[in-house]
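Architecture at a glance
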Amino acid sequence: VYTNENFIGCNKCIKVCSCIGANISEYTGEEYSKINVDGNRCIACGACFDACEHNAREYNDDTERFFEDLKKGEKISILIAPAFKANYPSQYESVLGGLRKLGVRRMISVSFGADITTWGYINYIQKNKFLGGISQPCPAVVGYIEHYMPELIPNLFPVQSPMMCAAIYAKKEMGIADKLAFISPCIAKKNEIDDPNNKGYITYNVTFEHLMKYVK
C-alpha cells in the first residue's frame, strides 16, 4: 500500500488506521505533508482506501507479473475466489475464457478449499474441545494479531485459509506442478502468499480490480 500524488493532507487515513506507526508524515516542502506507509506495520486491511475521498491510496499486487509470465510461456494455473462470479456475473465467463486463451492451464474454485478449511475446524474442535477460537481466512486479521496482539496467537485456529488449503491440495494431492495465481478481491492476500511459512505454494496475487483494468 502506498500514497500517490493525489494526497492533500487531510489525514483521514491516519484517523481510521488501526496500526500505530503504519502511517508516517513526511514533510515535502509543499503545502501538505505526505502520509507514507510503513509496509512493515501496515496489515493491508484497506480501511484507508474506504476513508480516502481523493483516491490517494494505491497498492501493488502481482497482476502485471502474472500476465508477463503467461506471455513467456510459464505454466500457470489459477485459484479463483467464488466472489469473482458474484462480482462480475456478466463478465466472468469471457474473462476466464480469455485467460485460458492466454495460456492458463487449470482453473480451481477456492470454494473447494473452504470445504477443507471447514472440515479442519470441525476436526480440531472435536479432537481438542477448542472453543472460542479465531478463524484465519483473513490475512489482515491474522496480521493484526501477529503484529499488535500476539497474546491472541494461541486463539487462532491452526488451520490454513481456504486459499491455502486449495493450493496445498492442488500441489500435494492433485499433483499440479504449475505456478499458481490467486484471483480475489483481497489486497492483504499478498502478505499471506509471501509469508515464509507458505512460500512456494502460490506465486501471484491477482486482485479483481487490477485484473479487470488489465483485461479491459
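The following paragraphs examine the structure supplied in this document.

Calculation rules
- Residues numbered from 1 in each chain as written.
- Predicted model: local features only at pLDDT ≥ 70, side-chain atom pairs only at ≥ 80, totals over all residues.
- Heavy atoms only, no water.
- Helix = DSSP H or I, 4+ residues; strand = E, 2+ residues; numbered from the N terminus.
- Expected span 1.5 Å × (residues − 1).
- Buried < 20%, exposed > 50% of the residue type's maximum accessible area, 1.4 Å probe, protein only.
- Arc of directions from axis to C-beta.
- Contact = heavy atoms within 4.5 Å.
- Axes fitted to C-alpha atoms, helices over the stretch in contact; angles between N-to-C directions.
- Parallel < 35°, antiparallel > 145°, perpendicular 65-115°, else oblique.
- Nonpolar A, V, L, I, M, F, W, Y, C, P; charged D, E, K, R; others polar.

1. Remarks on helix α6 (residues 111-128)
- Given a rise of 1.5 Å per residue, 18 residues ought to cover 26 Å, and the 26 Å separating the end C-alpha atoms of α6 matches this to within 8%.
- Along α6, the residues classified as buried are Gly-113, Thr-117, Gly-120 and Tyr-121. Seen end-on, α6 carries its buried residues on one side only, within an arc spanning 100°. Across α6 from its buried face, at more than 90 degrees, point the exposed residues Asp-115, Trp-119 and Gln-126.
- Against β6 (107-109) and α8 (162-172) lie the buried residues of α6.
- In the segment just after α6, Lys-129 is the residue with positive phi, at about 50°.

2. Considering the packing of α6 against α8
- Axis separation between α6 and α8 bottoms out at 7 Å; the angle between their running directions is 100°. On the basis of their axis angle, the class for α6 and α8 is roughly perpendicular. Residues Phe-112, Gly-113, Ala-114, Ile-116 and Thr-117 of α6 form the contact with α8, whose participating residues are Pro-162, Cys-165, Ala-166 and Tyr-169.
- Split by residue class, the contact of α6 with α8 holds seven nonpolar, two polar and no charged.

3. Focus on unusual backbone geometry
- The phi dihedral of Ala-44 falls on the positive side, at around 60°, and the residue is not glycine.
- By the element assignment, Ala-44 lies in the loop between β3 (34-37) and α2 (47-51).
- One non-glycine residue, Asn-55, lies in positive phi territory at about 55°.
- Locating Asn-55 in the fold gives a position in the loop between α2 and β4 (57-58).

All quantities given are derived from atomic positions and should not be read as evidence of function.
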